[in-house]
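Read off the chains here:
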Amino acid sequence: MQAAQGYRWGLKAAALLLISTVLSGCGINTIPTLDEQAKAAWGQVQNQYQRRADLIPNLVEVVKGYAAHEQDTLTAVIEARAKATSIQVDASTLDNPEKLKQYQQAQDGLSGALSRLMVVSERYPDLKANQNFLALQSQLEGTENRIAVARRDFIQAVQAYNTEIRTFPGRLWHSVMYSDLPIRATFEATSADADKAPQVKFK
């Protein structure tokens, strides 16, 4: 009797192990894995935008010391930064294309205001030679490059995720187990000069 029970228990364990192996090898975990990768990539985009926002107050203060009468431009940068940082986003933003677009428009507005500030600074040779300004300029250039890389990685992560849930066998797993996970939106150009990076380099 005990031998029969032991045999049945062994069969159940073997069946469970076989089912687990088959399911893990057939892509059942691919969709949540790709979803998490897209969320992580989005987090890195936010991280780089935050880094840029953190640099801007210091930049404005340095410029103000040399070009205080450029108040309109300085105010525009401060207001654009405030708007960009006021839009609260998190991983759920990936499910809301309209909020993602609003966030991107605010970031583009900040890029434009920052570009105008850099153009103004061209008129002040002493400012251009200031070590603090040069250091901030270099950090902003690096940050703009990091933003571009983070956005590219996010776009690729979303593409992999969307492709998985729209092709076989991912489409099958999506309809059976992950139907609550939607197609993800990605970045789209929201400004007329979206193909041009903000100019933060001096001649």
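Conventions adopted
- Residues numbered from 1 in each chain as written.
- Predicted model: local features only at pLDDT ≥ 70, side-chain atom pairs only at ≥ 80, totals over all residues.
- Heavy atoms only, no water.
- UniProt positions renumbered as here; feature names shortened; annotations may be inferred.
- Helix = DSSP H or I, 4+ residues; strand = E, 2+ residues; numbered from the N terminus.
- Buried < 20%, exposed > 50% of the residue type's maximum accessible area, 1.4 Å probe, protein only.
- Polar contact = N/O pair within 3.5 Å; in protein donor to acceptor, adjacent residues only side chain to side chain.
- Contact = heavy atoms within 4.5 Å.
- Axes fitted to C-alpha atoms, helices over the stretch in contact; angles between N-to-C directions.
- Parallel < 35°, antiparallel > 145°, perpendicular 65-115°, else oblique.
- Left-handed = near helix turned anticlockwise from the far one by under 90°.
- Nonpolar A, V, L, I, M, F, W, Y, C, P; charged D, E, K, R; others polar.
- Salt bridge = Lys/Arg side-chain N within 4 Å of Asp/Glu carboxyl O.
- Core = buried A, V, L, I, M, F, W, Y, C linked by side-chain atoms within 4.5 Å.

Naming follows an unreviewed UniProt entry, where the chain appears as LemA family protein of Pseudomonas extremaustralis. Heading Sequence similarities (unreviewed entry) of the UniProt record for the chain holds this comment: "Belongs to the LemA family." UniProt's Subcellular location (unreviewed entry) comment on the chain is quoted here verbatim: "Membrane".

S.K.: Whenever I open this one, the side chain of Glu-70 confuses me. Can you help?
M.R.: Turning to its location among the elements, Glu-70 is positioned in the loop between α2 (30–66) and α3 (71–86). Given the relative accessible area of 14%, Glu-70 is considered buried. Here the side chain of Glu-70 touches Tyr-124 through a polar contact of 2.7 Å, side chain to side chain. Residue contacts for Glu-70: discarding those within four places in its chain leaves Val-120, Arg-123 and Tyr-124.

S.K.: In this structure, what is going on with the packing of α2 against helix α6 (residues 131–166)? I would like to understand it.
M.R.: Packed helices, taken two at a time, are described by the angle between their axes plus the distance between the axes. Interhelical geometry of α2 versus α6 gives an angle of 160° and a closest axis separation of 8 Å. Regarding the angle of α2 to α6, the classification is roughly antiparallel. Remark: the crossing between α2 and α6 carries left-handed chirality. Per-class residue counts for the contact of α2 with α6 are 22 nonpolar, eight polar and eight charged.

S.K.: How do you make sense of the environment of Leu-136 when you look at a structure like this?
M.R.: Mapped onto the elements of the fold, Leu-136 is located in helix α6. The spacing of Leu-136 and Val-62 is 74 residues in sequence and 9.2 Å in space, taken between C-alpha atoms. Once residues within four sequence positions are removed from consideration, Leu-136 is found in contact with Leu-55, Asn-58, Leu-59 and Val-62.

S.K.: Sorry, what's going on with the side chain of Asn-130 here?
M.R.: With respect to the secondary-structure elements, Asn-130 resides in the loop between α5 (125–129) and α6. Engagement of the side chain of Asn-130 in a polar contact is seen with the side chain of Tyr-66, the distance being 2.9 Å. Each residue touching Asn-130, except ones within four places of it in the same chain, is listed here: Val-62 and Tyr-66.

S.K.: I tried to follow the pattern of salt bridges on my own but got confused; where do I start?
M.R.: Should their charged atoms come close, side chains of opposite charge can pair. By the definition in use, this model includes nine salt bridges. The shortest N-O distance in the salt bridge between Glu-122 and Lys-128 comes to 3.3 Å. A salt bridge links Arg-152 to Asp-153; its shortest N-O distance comes to 2.9 Å. A single salt-bridge network, built from bridges that share partners, covers Asp-35, Glu-36, Lys-39, Asp-95 and Arg-184.

S.K.: Whenever I open this one, the packing of helix α4 (residues 97–121) against α6 confuses me. Can you help?
M.R.: Interaxial distance between α4 and α6 falls to 13 Å at its minimum, and their mutual angle equals 150°. Judged by the inter-axis angle, α4 sits roughly antiparallel to α6. Handedness of the α4/α6 crossing: left-handed. Facing α4, whose interface residues are Gln-104, Asp-108, Leu-114, Met-118 and Ser-121, α6 presents Phe-133, Leu-140, Glu-144 and Arg-151. Here the contact of α4 with α6 is composed, by residue class, of four nonpolar, two polar and three charged.

S.K.: What should I look at first to understand the nonpolar core in this one?
M.R.: The nonpolar side chains of a soluble globular protein tend to be buried, and buried together. In this structure, Trp-42, Leu-59, Val-63 and Phe-154 are the most contacted members of the largest nonpolar core, which totals 40 residues. Listing elements by their share of this core, those giving two or more residues are α2, α3, α4 and α6. By residue number, the principal contributor to this core is α2, which donates eleven residues. If we ignore the near neighbours within four places in the chain, the residues touching Trp-42 are Val-89, Asp-90, Ala-91, Thr-93, Leu-94, Leu-100, Tyr-103, Phe-154 and Phe-187. Core analysis: the second largest hydrophobic core is formed by eight residues, Leu-34, Ile-165, Trp-173 and Tyr-178 among them.

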